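Residue strings, one per chain:
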Amino acid sequence: MANTNLQFKTNYAVSSKIEPFYKGGKVQISKDEKHIFCTCGSRVNVLEISTGKIVHSVEHEDQEDITSFALSCDDELLVTASRALLLKQWDWRQAQCTRSWRAIHTVPVASMTFDSTSTLLATGGCDGTIKIWDVVKQYCTHNLKGSSGVVHLVQFHPDISRLQLFSSSLDCGIRLWDLRSSQCVCVLQSHYSAVTSLCFSPDGGTMISSGRDKICTVWDLKTRKAKRTVPVYEAVEGVVLLPENTDFSQIGIKSKDLHFITAGSKGVLRVWEASTARCVYTQNLPSTFAPVSGEEEEKDDDPRSLTYLLHLPSSSRLATVTAEHNILLYQLPSLTTQQQFVGYSDEVLDVKFLGKGDTHIVVATNSCQLKVFELLTNSCQILYGHTDTVLSLDVFRKDSLFASCAKDRSVRVWQMDSDSGQVRCVAQGSSHTNAVGSITCSRMKASFIVSGSQDCTVKVWDLPADLSTIGAVTCQLNARATEKAHDKDINSVAVSPNDKLLASGSQDRTAKLWSLAGEGNVGLLGVFRGHRRGVWAVCFSPVDQVLATSSADGTTKLWSLQDFSCLKTFEGHDASVLKVIFVSRGTQLLTSGSDGLVKLWTIKTNECVKTLDAHLDKVWGLHASRKDDKMVTGSADSNITVWVDVTEVELAEEQAKQEDQILKQQELSNLLHEKKYLKALGLAISLDQPHTVLTVIKAIRQGEDSREVLEKTLLKLRQDQKESLLRYCVVWNTNARNCLNAQAVLQVLLTHLPPEELLQYQGARTHLEGLIPYTERHMQRIGNLLQASMFLNYMWQKMRVAGAPSSMGQDDEMDTTPLTQTQPFLVIDKEKGKGSSEERQDAADESDSGQDEDPDCPVEEEEEEDEVSVTKKASTNNKRIENRESTKTNGNHHSESEQSSEDEDVEEDKNDQTKTAKRLPVSSAPRCQTFAS
């Protein structure tokens, strides 16, 4: 179509991913306050606070979910407990399990904690028992019985000299255990619901407990009685004592009495004075995130509620965990938000690039909150405003402005500050009568937005002339035009590049073209008919009078804006095509579908040039950057992937690589000609081409004093070069034509290098074990040749003709002296024998090296999919495509060509009466015999 000289895109590579790292459960922060430890299924992920990236991860091999974990106070030991009733001790920095033992509990472990010396570990089980473990001497020291039901809380007294352990279980009492006598000395009764956390005063004489019964209790541990009950009017999940001798006047603390902070179901941090039971400070929330009251407060899994509260004393910060799996860090004493991390995004419903240079992405998940990620650090801003699930996003040409719509029947416009990166809501409108499923922005300038709703109408909203001058008050928008556009839910709307046309796609299987030129009116220009199911997305070409549509019928179509005829149809997805966008200046298309695939199409040839498989479920979000050099996808599998166009990069790299290869090959040839073998060998190894290295070895062995020169050259190599050489020898040794060169190198390495050094090489044991069977095979082959040559000597002695001395009888011993060149006819016979042997070996080598293409993968069965509208997409994505996942995990199968190659090896081995490496049992201690002279 347009610009035939444009370089087509051929491939995208994954640049970065934002994946779930926390799906609920325990969260712990290291004592050095550099890492956050959190559970994610069968893994414990370690998040680096400074970068927001996962730097370590430990996982149980049995894939059983981790029920609890604990990090020692010195940050050295990590112990995890799984549903398989195993306790594992980890070197978490190396992700290595250093010890594993049975938990003794009859049911899974529910809670764990270390004492302040990092030598004792307490585990509370769902069986009502508590076990104390000495992790240094590795044995169980205590078995404490008496708790009723699940022991969901265990905590040592910070003064280890007291040897006291506190626990809480189903009866809501706090048990105090004396570890000297292994007895429960008392039960502190105050709460009528689950006790959630305990904190201790610096002197260890006072303890504060929190519970879901909406109270906190201040305990005197000397008398073991409650000093004060503080009603906090919310289910409390965490409590932290504020440090003494610190100025906290910013948050209302004016006395030196004991103060503590609570976090719970209302989603706010509050400061309490213990002596008076008075709330002295309540954290300020975003203006659009007001606390709730009454029955609404009691909802389970309210996204506003807080589930953990952690204190970071060194940096004077607090960390909270929300019910939506977000981890937020606040700075004391102001309680201002410092960092936010999103542990789990649920289903990603839409995603767009944002900011100057596309440095950020804004994401709509199955939530009323929007999330803005900085791609460089993964740090996140959580935007509050909508009161129900956000369904769609779009960005203006001005890179700091974007719009959103949601199930709460409203639309909002947001602006990012170019300096601070902070995002705030600058305008909102709400006059739809049902969920708003799609939104689009004007293209020329930020003058209007258009929304499409489940109420079958489209609305055009005018924006103020200059949104940047609007203060803290959010501007209220009014719809300048409302049009009943379709008979069913509207799934998508799009504005043309000149802001004069509007396209809409609906569940009624049609797309429509509208005029936006008239003041206050939306005029119908035409209807695009041809899809067999609902239309999911519409998109204008940036250069041609063409509209692209994608549908639940699995097709993508191009339509003429002049006569509304279908120009092209693209078929390739196995299920609904959810999104379509133009790239490469309108010459190519990107589509995403319910099959989890993203496809790149060239319009002129009607061909799919690349299929990207990075998601396991529906890809709802698809957006290309303004420079068209990268794209971002978001899926119902909770993953967000940033892709970079590698076409131009690959071409440049390939050209530079070819030029570099030519120069290095010329240099290598010069070095060999000058007999500078050490430099030649080093250069060949740096190219990482075994055949080139073999060429250098052959050149060395063909010269004078080859053995001494080879030995001298090899021993001068660096350790990493020797490692590479050992790896190449394994490859050469599998071929009879190259085995002598391989054995010559091995003889030098095994003779002059001590075993301790060899075993330090990466993969050395595997390489040596791989050498054994082929070496034995070559030894047996050479032995057979030697036997054949001895038979020829025997035949020569028995074939004496007339003229032989009469004194030689039949019983005389055979002359076994080697045959010399004075026996031409035997030399000819020997060469024939040798040639036939080489021919047989060459044939075997060819059979060994023969490889065919892998057979086609089986086609997946088409998924049955109910026809649902875009406004219901958040509630219909709960099922994952299991057959795709099973296909991905089946990566270790052998192709037919590999099997046939193995059969040929086995057949040859039968002829040679030997076994290949795959058949030969290998001893645990590698041994390798060289036979090169």
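Look above for the structure.
The written sequence of each chain sets the order in which its residues are numbered from 1. Selection of residues for local features in this predicted model requires a pLDDT of at least 70, selection of side-chain atom pairs for listing and counting requires 80 or more, and totals for whole chains, interfaces and linings are taken over all residues. To obtain the side-chain values, all non-hydrogen atoms of the structure were included, while hydrogens and water were left out.

Caption draft 1: Spotlight on the overall build of the protein. Only DSSP runs of H or I reaching four residues or more are called helices, and only runs of E reaching two or more are called strands; each is numbered from the N terminus. Counting its secondary structure elements, the protein contains 11 helices and 57 strands. Only protein chains enter the accessibility calculation, which uses a 1.4 Å probe; a residue is then buried when its area is under 20% of its type maximum, exposed when over 50%, and partly exposed in between. Looking at the protein as a whole, 51% of its 933 residues are labelled buried. Any two residues whose heavy atoms approach within 4.5 Å are treated as being in contact. In the protein, of all internal contacts separated by at least 6 residues, the share reaching a separation of at least 24 is 49%. Of the roughly 44300 Å² that the protein leaves accessible, carbon and sulfur atoms contribute 48%. In this description, accessible areas are obtained by the Shrake-Rupley approach with a 1.4 Å probe, and a residue is regarded as covered only by the protein chains that are shown.

Caption draft 2: Summary view of the nonpolar core. Within this scheme, the nonpolar core is defined by two criteria: the residues are buried Ala, Val, Leu, Ile, Met, Phe, Trp, Tyr or Cys, and they are joined through side-chain atoms within 4.5 Å. Ranked by size, the top nonpolar core spans 34 residues in total, and within it Leu681, Val693, Leu714, Leu725, Trp732 and Val745 carry the most contacts. Looking at this core, the elements that each hand over two or more residues are helix H1 (647-673), helix H2 (677-686), helix H3 (690-702), helix H4 (706-715), helix H5 (719-732), helix H6 (739-752) and helix H8 (764-798). With residues up to four places along the chain from it excluded, the contact list for Leu681 reads Val693, Val696, Ile697, Thr713, Leu714 and Leu717. In terms of nonpolar packing, the next biggest core, distinct from the first, is built from 18 residues, Val240, Phe248, Ala263 and Leu269 among them.

Caption draft 3: Layout of H3. If you check H3, its first and last C-alpha atoms are 18 Å apart, about what 13 residues at 1.5 Å a residue would give, namely 18 Å. Along H3, the residues classified as buried are Thr692, Val693, Leu694, Val696, Ile697 and Ile700. Multiplying 1.5 Å by the residue count of a helix minus one yields the expected span of that helix.

Caption draft 4: How the structure looks around the sheet that holds strand S39 (residues 448-453). Two strands make a pair as long as DSSP finds a minimum of two bridges between them. The 4 strands are arranged S38-S39-S40-S42 in an open sheet whose pairing can be described as antiparallel. The open sheet has two edge strands with one neighbour each: strand S38 (436-441) and strand S42 (479-484). Neighbour to neighbour, the strand axes of the sheet diverge by 20° on average, direction disregarded. With 5 bridges joining them, S39 and strand S40 (residues 457-462) adopt antiparallel strand pairing. Its bridge partner lying in S40, Gly452 is registered against Val458. The angle between two axes is taken between their N-to-C directions and runs from 0 to 180 degrees, where each axis is a line fitted to C-alpha atoms and a helix contributes only its stretch in contact.

Caption draft 5: How the structure looks around the pattern of salt bridges. Only one rule defines a salt bridge in this text: a Lys or Arg side-chain nitrogen within 4 Å of an Asp or Glu carboxyl oxygen. One pass over the structure, following the stated rule, counts 17 salt bridges. Linking Arg480 and Asp462 is a salt bridge whose minimum nitrogen-to-oxygen distance equals 2.8 Å. Placement of the pair is Arg480 in strand S42 and Asp462 in strand S40, with a sequence separation of 18 residues. The partner of Lys484 in a salt bridge is Asp487, with the nearest N and O atoms 3.7 Å apart. For the residue pair Lys484 and Asp487, the accessibility class agrees, reading exposed in each case. Among the ionic contacts, a cluster of salt bridges with common partners joins Lys9, Asp628 and Asp645.

Caption draft 6: Seen up close, the packing of H3 against H4. Taken N-terminus to C-terminus, the directions of H3 and H4 make an angle of 140°; their axes are 7 Å apart at the nearest point. As summarised for this structure, H3 and H4 are arranged oblique, according to the angle between their axes. Within the contact between the two elements, H3 uses Ile697, Ile700 and Arg701 and H4 uses Ser706, Val709, Leu710, Thr713 and Leu714. Three residue categories are used. Nonpolar comprises Ala, Val, Leu, Ile, Met, Phe, Trp, Tyr, Cys and Pro, charged comprises Asp, Glu, Lys and Arg, and polar comprises the others, including Gly. Residue classes in the contact of H3 with H4 are distributed as 5 nonpolar, 2 polar and 1 charged. Each angle is binned into one of four classes, with values under 35 degrees roughly parallel, values over 145 roughly antiparallel, values of 65 to 115 roughly perpendicular, and all other values oblique.

Caption draft 7: Seen up close, H2. With respect to burial, H2 is a largely interior element, 7 of its 10 residues being buried. Along H2, the residues that are buried comprise Tyr677, Ala680, Leu681, Gly682, Leu683, Ala684 and Ile685. Residue Asp688 follows H2 closely and has a positive phi angle near 55°.

Caption draft 8: View of unusual backbone geometry. Put simply, Leu332 and Pro333 share a cis peptide bond, and its omega is 5°. Within the secondary structure layout, Pro333 lies in the loop between strand S28 (326-331) and strand S29 (336-342). Non-glycine residue Leu85 carries a positive phi angle of around 65°. Inspection of the secondary structure assignment puts Leu85 in the loop between strand S7 (78-82) and strand S8 (86-91). Of note, Leu335 is a non-glycine position whose phi angle comes to about 60°, a positive value. Tracing the chain through its elements places Leu335 in the loop between S28 and S29. Judged by relative accessible area, Leu335 falls into the buried class, the value being 5%.

Caption draft 9: Local environment of the packing of aromatic side chains. Two aromatic rings from Phe, Tyr or Trp, using only the six-membered ring of Trp, form a pair when their centres are within 6.5 Å; if the ring planes differ by under 30 degrees the pair is stacked, by over 60 it is edge-to-face, and anything between is tilted. Taken as a whole, this structure holds 9 aromatic pairs when the rule is applied. Of the aromatic side chains, those joined through ring pairs into one cluster are Phe528, Trp559 and Phe564. Geometry around Phe69 places Lys26 over its ring, the cationic atom sitting 5.4 Å from the centre. The criterion is that NZ of a Lys, or CZ of an Arg, lies within 6 Å of the ring centre and within 35 degrees of the ring normal, and then a charge sits over that ring.

Caption draft 10: Quick peek at the pairing of strand S24 (residues 269-273). Most of S24 is tucked away, with 5 of its 5 residues classed as buried. Alignment of strand S23 (residues 259-264) against S24, held across 5 bridges, turns out to be antiparallel. Pairing of Phe260 across the sheet is with Trp272, part of S24. Adjacent in sequence and paired antiparallel, S23 and S24 are bridged by 4 residues, among which Gly267 carries a positive phi angle near 80°. Here S24 pairs with strand S25 (residues 278-282) via 4 bridges, running antiparallel. When the sheet's bridge partners are listed, Val271 is paired in S25 with Tyr281.

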